Amino acid sequence: MHPAPSVIVFTVLSGLGFGLLSFLGLGLPQVTGWEAFFYFALAFALAVGGLVASTFHLGNPQRALKAFTQWKTSWLSREAWLSSLALVAMGLYAFAAVFLDISAGLLGWLGAALSVATVVATSMIYAQLMTVPRWNHWLTPLHLLTLSLAGGAILAQQSAVALALLVVAGIVQILHWVLGDRRFEERGHTIESATGLGDIGAARLFEPPHTGTNYLLKEMVHVVGRKHAQKLRVIAFVFMIVLPIAVLILLPQGIVSAALAILCYLIGTFASRWLFFAEAEHVVGLYYGARSAQAVAG
Amino acid sequence: MFFEDRALDTSPKVSDEVRKTTCYMCACRCGINVHMKDGKVAYIEGNRDHPVNKGVLCAKGSSGIMQVNAPSRLRAPMKRTGPRGSGEFEEISWDEALSIATLWLEPIRKSSPEKLAFFTGRDQSQSFTSFWAQNFGTPNYAAHGGFCSVNMATAGIYTMGGAFWEFGQPDWDRTKLFMIFGVAEDHDSNPIKMGLGKLKARGGKVIGVNPIRSGYNAIADEWVGITPGTDGLFISALIHLLLKAGKIDLKYLANFTNAPCLLNETPGSPDNGLLLRDSDGKPLVVDRTTGTLTPFDEPGVKPNLAASVEMDGVTHRTVFQHLAERFLSEDYSPEAVGERCGVSAGRIKSIAAELARVAFEEAFELDQPWTDFRGKRHETMTGRPVSFHAMRGISAHSNGFQTCRTLHVLQILLGTVEVPGGFRFKPPYPKPVEAHPTPHCHSKPDCPLDGPHLGFVRGPADLAFKEDGSPARIDKAFTWENPLSAHGLMHMVISNAHAGDPYKIDTLFLYMANMAWNSSMNTRGVMEMLTDKDENGDYVIPRIIYSDAYSSEMVAYADLILPDTTYLERHDCISLLDRPICEAEAAADAIRWPVVEPDRDVRGFQSVLIDLGARLGLPGFIDENGEARYEDYADYIVNHQRRPGIGPLAGFRGDGTKTGRGDINPDQLEKYIENGSFFVEHVPDEAAFYKPWNRAYQDWAVGLGFYDKPQPYLFQLYVEPLRRLQLAAEGHGERQPPDHLRQQILECLDPLPTWYPVLEETVVDPEQYPVHALTQRPMAMYHSWGSQNAWLRQIHGRNPLYVPTKIWQQHGFEDGDWAQVTSIHGQITVPVAHMAGLNENTVWTWNAIGKRKGAWALEDDAPEATKGFLLNHLIHELLPSKGDGMRWANSDPITGQAAWFDLRVRIEKVTAPEESQPVFGALKSPVGEGPAVVRQKVSK
Amino acid sequence: MTQLPETSEKKLGLVIDLDTCVGCHACVTACKGWNTENYGAPLSDMDAYGSNPSGTFLNRVHSYEVEPRAGGCSQTVHFPKSCLHCDDAPCVTVCPTGASYKRQEDGIVLVEEDACIGCGLCAWACPYGARELDLAAGVMKKCTLCVDRIYNENLPEEDRIPACVRTCPAGARHFGDLGDPSSEVSMLVAERGGFDLMPEQGTQPTNKYLPPRPKDQLPDMDVLSPALEPVAGEPKGFLKWLDKALEAI
Ligand SMILES: Nc1nc2c(c(=O)[nH]1)N[C@H]1C(S)=C(S)[C@@H](COP(=O)(O)OP(=O)(O)OC[C@H]3O[C@@H](n4cnc5c(=O)[nH]c(N)nc54)[C@H](O)[C@@H]3O)O[C@H]1N2
Ligand SMILES: Nc1nc2c(c(=O)[nH]1)N[C@H]1C(S)=C(S)[C@@H](COP(=O)(O)OP(=O)(O)OC[C@H]3O[C@@H](n4cnc5c(=O)[nH]c(N)nc54)[C@H](O)[C@@H]3O)O[C@H]1N2
Ligand code: SF4
Ligand code: SF4
Ligand code: SF4
Ligand code: SF4
Ligand code: SF4
Ligand SMILES: [Mo]
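This structure is a prediction, so every number in the text was calculated from the model and none was measured. (Residues numbered from 1 in each chain as written. Chains lettered and ligands numbered in written order. Predicted model: local features only at pLDDT ≥ 70, side-chain atom pairs only at ≥ 80, totals over all residues. Heavy atoms only, no water.)

### Thoughts on the overall build of chain A
Next up, step 1: If you tally the helices and strands in chain A, you get 10 helices and 1 strand.
Next up, step 2: Walking chain A from its N terminus toward its C terminus, one meets helices and strands in the order α-α-α-α-α-α-α-β-α-α-α.
Next up, step 3: A compact globule built from 298 residues would reach a C-alpha radius of gyration of about 19 Å, and chain A, at 21 Å, matches this within 12%.
Next up, step 4: In terms of overall dimensions, chain A has C-alpha extents of about 70 × 45 × 30 Å along its principal axes.
Next up, step 5: Counting across all 298 residues of chain A, residues that qualify as buried make up 60%.
Next up, step 6: A fraction of 78% describes how many contacts in chain A between residues 6 or more apart in sequence connect residues 24 or more apart. (Helix = DSSP H or I, 4+ residues; strand = E, 2+ residues; numbered from the N terminus. Rg over C-alpha atoms; globule rule 2.2 N^0.38 Å. Buried < 20%, exposed > 50% of the residue type's maximum accessible area, 1.4 Å probe, protein only. Contact = heavy atoms within 4.5 Å.)

### Quick word on the overall build of chain C
Next up, step 1: Scanning chain C from N- to C-terminus turns up 7 helices and 11 strands.
Next up, step 2: Here the C-alpha radius of gyration of chain C, 25 Å, is well above what a compact globule of 249 residues would show, namely 18 Å.
Next up, step 3: Reported as C-alpha extents along the three principal axes, the dimensions of chain C are approximately 85 × 50 × 40 Å.
Next up, step 4: Counting only contacts in chain C whose residues sit at least 6 apart along the sequence, the fraction spanning at least 24 positions is 60%.
Next up, step 5: For chain C, the centre of its 22 positive side-chain charges and the centre of its 36 negative side-chain charges are spaced 2 Å apart. (Lys, Arg positive; Asp, Glu negative; His and termini not counted. Charge placed at Lys NZ, Arg CZ, Asp CG, Glu CD.)

### Focus: a nonpolar patch on the surface
Residue and element names in this part refer to chain A.
Next up, step 1: Nonpolar side chains collect at one region of the surface, where Ile249, Leu250, Leu251, Leu260, Leu263 and Ile267 lie side by side and expose about 560 Å² of accessible area between them.
Next up, step 2: Elements represented by at least two residues in the nonpolar patch include exactly α9 (226-250) and α10 (255-278).
Next up, step 3: For the nonpolar patch, the leading source of residues is α10, giving 3 residues. (Patch = residues over 30% accessible without salt bridge, like charges linked within 9 Å, V, L, I, M, F, W, Y side chains within 5 Å. Areas by Shrake-Rupley, 256 points an atom, 1.4 Å probe, with all protein chains shown as cover. Salt bridge = Lys/Arg side-chain N within 4 Å of Asp/Glu carboxyl O.)

### A short note on unusual backbone geometry
Next up, step 1: At the junction of Leu28 of chain A and Pro29 of chain A, the peptide bond is cis and its omega measures out at -5° in the coordinates.
Next up, step 2: Residue position: Pro29 of chain A is located in the loop between α1 (5-25) and α2 (33-55).
Next up, step 3: Residues Tyr429 of chain B and Pro430 of chain B are joined by a peptide bond in cis, for which omega reads 5°.
Next up, step 4: Relative to the helices and strands, Pro430 of chain B resides in the loop between β21 (423-425) and α16 (490-499).
Next up, step 5: Residues other than glycine seldom take positive phi values, yet Met512 of chain B does so here, at roughly 55°.
Next up, step 6: Take Met512 of chain B: it is sitting in the loop between β22 (507-511) and α17 (523-531).

### A short note on the site of ligand 1
Residues and elements named next belong to chain B.
Next up, step 1: With respect to spatial proximity, 31 residues lie near ligand 1, and among them Asn514, Asp548, Asp564, Ser784 and Trp785 are the closest.
Next up, step 2: One of the backbone nitrogen or oxygen atoms of Ala549 is found 3.3 Å away from a nitrogen atom of ligand 1.
Next up, step 3: Taking Ser784, its side chain carries an N or O atom lying 2.3 Å from an oxygen atom of ligand 1.
Next up, step 4: Those elements that provide at least two residues to the shell around ligand 1 are α5 (145-148) and β23 (543-547).
Next up, step 5: Residue composition of the shell around ligand 1, by class: 13 nonpolar, 12 polar and 6 charged.
Next up, step 6: Viewed by domain, the shell around ligand 1 spans two of them, domain 2 (88-151 + 438-566) and domain 4 (759-910), each represented by three or more residues. (Near = heavy atom within 4 Å. Polar contact = N/O pair within 3.5 Å; in protein donor to acceptor, adjacent residues only side chain to side chain. Nonpolar A, V, L, I, M, F, W, Y, C, P; charged D, E, K, R; others polar. Domains from an automatic or database assignment.)

### Some thoughts on the domain arrangement of chain A
Residues and elements named next belong to chain A.
Next up, step 1: Domain assignment breaks chain A into domain 1 (1-128) and domain 2 (160-298).
Next up, step 2: Here domain 1 and domain 2 have C-alpha centroids that lie 25 Å from each other.
Next up, step 3: With 13 residues of domain 1 in contact, the opposing surface of domain 2 contributes 18 residues.
Next up, step 4: Viewed at the interface, domain 2 and domain 1 are joined by 0 salt bridges.
Next up, step 5: Remark: the boundary between domain 1 and domain 2 carries 4 residue pairs in polar contact (both at pLDDT 80 or more).
Next up, step 6: In terms of residues, the side of domain 1 that touches domain 2 owes the most to one element, α1, which gives 8 residues.
Next up, step 7: Its residues assigned to classes, the side of domain 1 that touches domain 2 comprises 10 nonpolar, 3 polar and no charged.

### Regarding the site of ligand 6
Residues and elements named next belong to chain C.
Next up, step 1: In the vicinity of ligand 6, the contacting residues are Cys31, Asn35, Asn59, Ser82, Cys143, Thr144, Leu145, Cys146, Pro162, Ala163 and Cys164.
Next up, step 2: Where the shell around ligand 6 is concerned, the elements lending two or more residues are α1 (26-37) and α5 (163-167).
Next up, step 3: Tallied by class, the residues present in the shell around ligand 6 amount to 7 nonpolar, 4 polar and no charged.

### Quick look at the sheet that holds strand β3 (residues 40-46) of chain B
Residue and element names in this part refer to chain B.
Next up, step 1: Taken in spatial order, the 3 strands line up as β1-β2-β3 in an open sheet, and their pairing is antiparallel. The open sheet terminates on both sides in strands that have one partner only, identified here as β1 (17-22) and β3. Within the sheet, the average angular offset between the axes of one strand and its neighbour, ignoring direction, is 30°. (Pairing = 2+ DSSP bridges. Axes fitted to C-alpha atoms, helices over the stretch in contact; angles between N-to-C directions.)

### Some thoughts on the environment of Leu82 of chain A
Residue and element names in this part refer to chain A.
Next up, step 1: With respect to the secondary-structure elements, Leu82 resides in helix α3 (residues 75-99).
Next up, step 2: Between the C-alpha atom of Leu82 and that of Arg291, which follows or precedes it by 209 residues, the distance is 37 Å.
Next up, step 3: Contacts of Leu82, omitting those with residues within four sequence positions, involve Leu114, Ala117, Thr118 and Ala121.

### Topic: the interface of chain B and chain A
Next up, step 1: Counting residues at the interface gives 13 residues for chain B and 9 residues for chain A.
Next up, step 2: Carbon and sulfur atoms supply 46% of the area that chain B and chain A bury against each other, a total of about 840 Å² over both sides.
Next up, step 3: Our count for the chain B to chain A interface comes out at 0 salt bridges.
Next up, step 4: Summed over the shared surface of chain B and chain A, the number is 7 residue pairs in polar contact (both at pLDDT 80 or more).
Next up, step 5: Listing elements by their share of the side of chain B that touches chain A, those giving two or more residues are α25 (792-795), β31 (827-835) and β32 (842-846) of chain B.
Next up, step 6: In terms of residue count, the dominant contributor to the side of chain B that touches chain A is α25 of chain B (3 residues).
Next up, step 7: By residue class, the composition of the side of chain B that touches chain A is 6 nonpolar, 4 polar and 3 charged. (Buried area = accessible area lost by both parts, 1.4 Å probe.)

### A closer look at the nonpolar core
Most often, soluble globular proteins keep nonpolar side chains buried together rather than apart.
Next up, step 1: Formed by 451 residues in total, the largest nonpolar core has its most connected members in Phe40 of chain A together with Trp132, Phe234 and Phe320 of chain B.
Next up, step 2: For this core, the element with the highest residue contribution is α1 of chain A, accounting for 11 residues.
Next up, step 3: For Phe40 of chain A, the contacting residues outside a window of four places in its chain are Leu21, Leu24, Ala45, Met90, Tyr93, Ala94, Ala97 and Val98 of chain A. (Core = buried A, V, L, I, M, F, W, Y, C linked by side-chain atoms within 4.5 Å.)

### A short note on the environment of Ile610 of chain B
Residue and element names in this part refer to chain B.
Next up, step 1: Note on placement: Ile610 falls in helix α18 (residues 605-615).
Next up, step 2: For the pair formed by Ile610 and Ala390, sequence separation is 220 residues and the distance between their alpha carbons is 37 Å.
Next up, step 3: When neighbours within four sequence positions are excluded, Ile610 is seen to be in contact with Phe128, Phe621, Tyr630, Asp632, Tyr633 and Tyr636.

### Quick notes on the pattern of salt bridges
Next up, step 1: In this structure the tally under the stated criterion is 78 salt bridges over all chains.
Next up, step 2: Put simply, Glu158 of chain C and Arg48 of chain B hold a salt bridge, and the shortest N to O gap is 3.8 Å. With Glu158 of chain C in the loop between α4 (147-150) and α5 and Arg48 of chain B in the loop between β3 and α1 (59-62), this pair bridges two chains.
Next up, step 3: Linked through salt bridges whose partners overlap, the residues forming this network are Glu45 and Arg48 of chain B together with Glu158, Asp159 and Arg166 of chain C.

### Description of the sheet that holds strand β10 (residues 205-209) of chain B
Residue and element names in this part refer to chain B.
Next up, step 1: The 4 strands are arranged β11-β10-β9-β20 in an open sheet whose pairing can be described as parallel. The strands lining the two open edges of the sheet, one partner per strand, are β11 (222-224) and β20 (386-390). Strand after strand, the sheet turns through a mean of 15° between neighbouring axes, direction not considered.
Next up, step 2: For strand β9 (residues 177-181) and β20, the ladder comprises 5 bridges, and the chain directions are parallel. Bridged to Ile180 within β20 is His389.
Next up, step 3: Set on the sheet, helix α13 (residues 345-361) makes contact with β9, β10, β11 and β20; between it and β9 the angle comes to about 135°.

Below, the structure is given as structure tokens:
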């Protein structure tokens, strides 16, 4: 899939933002007043900033409200509802915390649950897609959720939780990569099943339908070199998991260490997210010969 | 809100009005419905009532709207301001343009009309443009046939009075086995596809003979990936096997062909090899019943194929015996030819067996009585459901004429021409050579030419020489180098004019041919010739006038541009007088009319010629008072008469009810428009088959004015005109070929079908150039003009060189690699791609995708210009010098057909350059560049 | 609603004959022509005359080469592809706005452009690459099965078929109700072994493909078949045979 900056920024930042909101809603840390203001400002900036970034991906953002209508079937619609509800709940909670010095516990719990649900909904948008075998797995929500919560925990300065979550996120990430690498084959999607020509023999794209590019190729057929991907995986893992853990363990807890840890986390997560998209192969690539040869570049 | 609760109008208004006219993206000439909204073209679809396409349209036809609105359309007449080839022009008025043209042409006509060379490319109005040229008086006129498919046309006409291609078609409703040679797309593009569809739906079988398995060959049930240039051998082997097994139609051969005619075998006689004739000149046969020599058309005669007669101690045998002797020779056994053809002997045998099986075991009778030219009534028509088709793959080789002949002879031996289930002619074909004119070339100052330029040579007397024996035509058509060049040699015009050989010309006047690019061999050389200057600093070809509708590469090389309209903006006439749109079951002609008015200062080229004709005072274009005879082309179409009662259009003549022959009808065009812009007259059932010999057909053809009296004739297994030319080469007669050509004439101009290796093979070392290189037309592109179409150029915006598995592996190619391709003439560097369904010694690419920077209103970095390429740089119009001081044309020695597909190359892997090589400088676009975004929609 | 109908009354769709398609792209541009002038926003072309043209098309023709497992030479297959109007259409259920829907009356899958936000998710959900976001209009485009032709009372009855079917010169495209087992298209599918693309995706496409018929079946003949038995041993014998054969006619 095309690693579009808008979706990468969206998923990483809003994930982080809702992760932080989850902790804030749970009262971890229990903050009020100015301190609360800074925490919530950061959380909202991330969550809303991410959501805004996602609208850059839209062809007609002015109609975005329509996205609320199909919650019965569409994870994207559900995400719209859940993120809005989460923001409203946490907004009220934040208002109370910042201006009224009240920690409205129950509202916080609700907001935290909605925030977690938002991250899950976002991840289900990807996980539900049969067309992208790498994503179409229960590990995908777990992957996005653990990362989001780990980041949130760092920002919320919940070192112990953060460490635990980072370890889990790291394991999930590795599993997601390792299992993901085999998903396409396991599903049995081949150019022969795509074309139905397998009864005759082995098929190969001879001529694409057009010599230029098109929306599908730009959006869904992206090929990354294997070596390049391996290198990026190492970088992602080191920055996203190893370094934050090291920082949290080795440096005294505080703003500085949290900032440093989150910086590493962000670098790593952006790399991981880039790979999340770039390495995900859409079955439509089969029609363009993307698997049998590297002929079609994204 | 639930599923059906949607605001969806399933019955929107489709258009305000439908205007019916004729498509022009190729020579197929399908009928189209142009849907108009707000006075603009909104949507184009096929006309269901039209005889050619019956509603379907190809990819080009369906994209016509992008052609009509293309940003590359020329806008006004232009005068060159920069040097030739720069593309710098100034727009001028029509008045000025026509005055300039008159100023240039008038003195030539007064002094030496041959100094005008007028060549008209893929012209659909040849009966008109040739009429103009004839009136001007220059012998130098032809259209593009010489570089296109003249081998196919001529071999067909000399052998059976018509060829494949526009001349005929398989009996798609009845054929069961269809064999197609060397076709990627053809002129008859939609009918072939419709026919294949019908055949497939009935479960019929297709055998494709083609080095490349794409398109029609992709759906062929059997694919024969033949080695280019060897079809003649392959077909000869089929004939060998069929003859040997007696699987031939003896009755058909005896009655309808010159197989039973007797050949004069008197050694050394000037008549040696000519047919024995009676005093009326009628070929003689031996009647099986009486055993006597009898004219072939005598009622009741039973011609004897096995006859021989003794006269003056000499035995004269039938054509059939000579033919059998040749093809029964073991030289044509499958074992002898298989390897050379790249087809196993076993496969040749199984194909021959299949042909024999279907032709004879699946023969059937149609319950349709008919009467033959000898007066014999037949109660039924015998059907043989085997049919053939072929085009440029066998035609565009220097042995193409003979290969086409061999194929025709195969069909005739099987008795599958003009029979149910076989191949059928489209009126006004069949037409024997005798019904065609001979070439005319005698020009005199201020005087029309002595007759039509192009024609069919019967013998040395018809060749086109001046008094002094030098070639009369600038293209050297109808000379000993290529005596049967019935379509001229457009590909030699620029080269000869530049060389001043046979003489210098003053003005080159071209219409619709992209000669500075894809229709030339040796493209770089041609561009140099067009821009070359003499010692005085004047252009070697002094003046060039060109009519194009679009900003093509050629535009940049002209001094004066006469911009044409697009096909929806003008009148046109697709006439039975030249290239008809008929179907086997009907005669048909068609028009185009301005369904929209041009929004630019452009004029229909034919109307411009009419204006120019009147300004020059050409006899056919002025009346008794010296006034213009025709207002414009529409006026000409209606009011011109070739012979009394016969005009450009056959339909709605006289009071609107007369067909073929009839008075002028001033409302004729309106009638055509009402009828969907075409006219059809069906062939009567009794006349539907056996047309050359069928009385009912002959009478019908006379009625329609195809000829003035019935002209039944025999198919020519043996082509006598060729023998007459050979006799000259043997020293007989007044007109003698130069010595250096005698051998070639004796070898190639064989009156019986023969095979010789293509000429390039005789001068190029096959070790050094082991690979054959071909082009194919993409179905979704028309030569150079598709690229200006925003839709089509997305489908074919660049072209790789397709390489077969063997060569791919040999060179270790991978996707994205490039190769240097070298011929004896030149070198190109181009991207490669792998194709498995390809003859193992052949590479190929799509034709005419590569574009010059600056042309067609494309941006300079368009893929057509950076990745696309032409094979033409590798192909020369001349063969490499043989050191004898002669210029040997890279053409068929019989017809002058350009030998595009003889090309041999070698290929090497190289690192990818920035762009395909060679690169030429950018032309300055006279029309700017197209817009960035296209959102074609009329209704908002 | 982007819920799928339980079942549709009809299942209108296309049957594409891979044995007959010559890869001419006529269906591609006929589709572009009709749908640019009709349903919704025009199908735009970006960088139309430039270095990287890319436009919206609802139907495209791929070409494949297949190496027969049984040996023999490679086969070329031209392969047109547009929306398959799946019964279980994932493109519909993912749509957040309800713009994508499947019609209950005939099973046609459509996009209501006024409701589409251009999120692209439906294109991601479609395994077949049948949806393209129009970059100029920002809305999702897909084959409409020419819903504005097939019921259009302004068209003559015989023209109430999709533009691509009407134009296909080879007659490789068939249109009809695949829900009705007695329809011509259903019978064709049954007779020729029509198949689904990527059945493992579980989309249950309505459109079906007819496989290429077996190719290159003529055997390499080592010995001459009876059909080619020579009539005589040597050339002279041929003349004798000829004489006899002529006697017979
Ligand atoms: N390598 C290789 N080269 C080949 C061939 C091949 O097989 N291989 N094939 C050869 C053959 S068979 C042919 S026929 C030629 C074709 O080559 P050309 O005859 O040069 O064909 P086009 O490129 O179509 O160019 C025709 C010109 O007509 C212009 N034109 C289009 N419409 C109109 C109109 O309405 N009015 C006017 N006045 N002009 C118009 C176009 O803009 C274009 O400049 O190419 C030959 N070249
Ligand atoms: N779409 C489209 N249609 C067109 C045109 C166009 O440009 N585009 N051009 C029109 C014109 S001007 C013409 S002349 C016709 C030409 O129509 P075609 O006759 O179909 O011409 P080409 O495309 O040159 O295809 C030549 C075919 O011959 C094969 N071939 C080459 N050498 C050999 C050989 O030695 N033996 C055999 N058996 N096959 C061989 C090639 O592989 C190729 O498939 O098409 C007309 N129709
Ligand atoms: S074959 Fe295509 S381009 Fe040629 S006339 Fe017909 S529709 Fe037009
Ligand atoms: S083919 Fe694709 S777009 Fe069409 S219904 Fe099926 S999933 Fe949806
Ligand atoms: S692009 Fe439009 S139709 Fe597709 S899912 Fe998004 S809103 Fe729905
Ligand atoms: S049915 Fe209509 S919209 Fe669909 S591919 Fe055919 S022409 Fe295009
Ligand atoms: S129009 Fe018909 S033959 Fe041509 S590509 Fe489309 S389906 Fe194939
Ligand atoms: Mo041609």
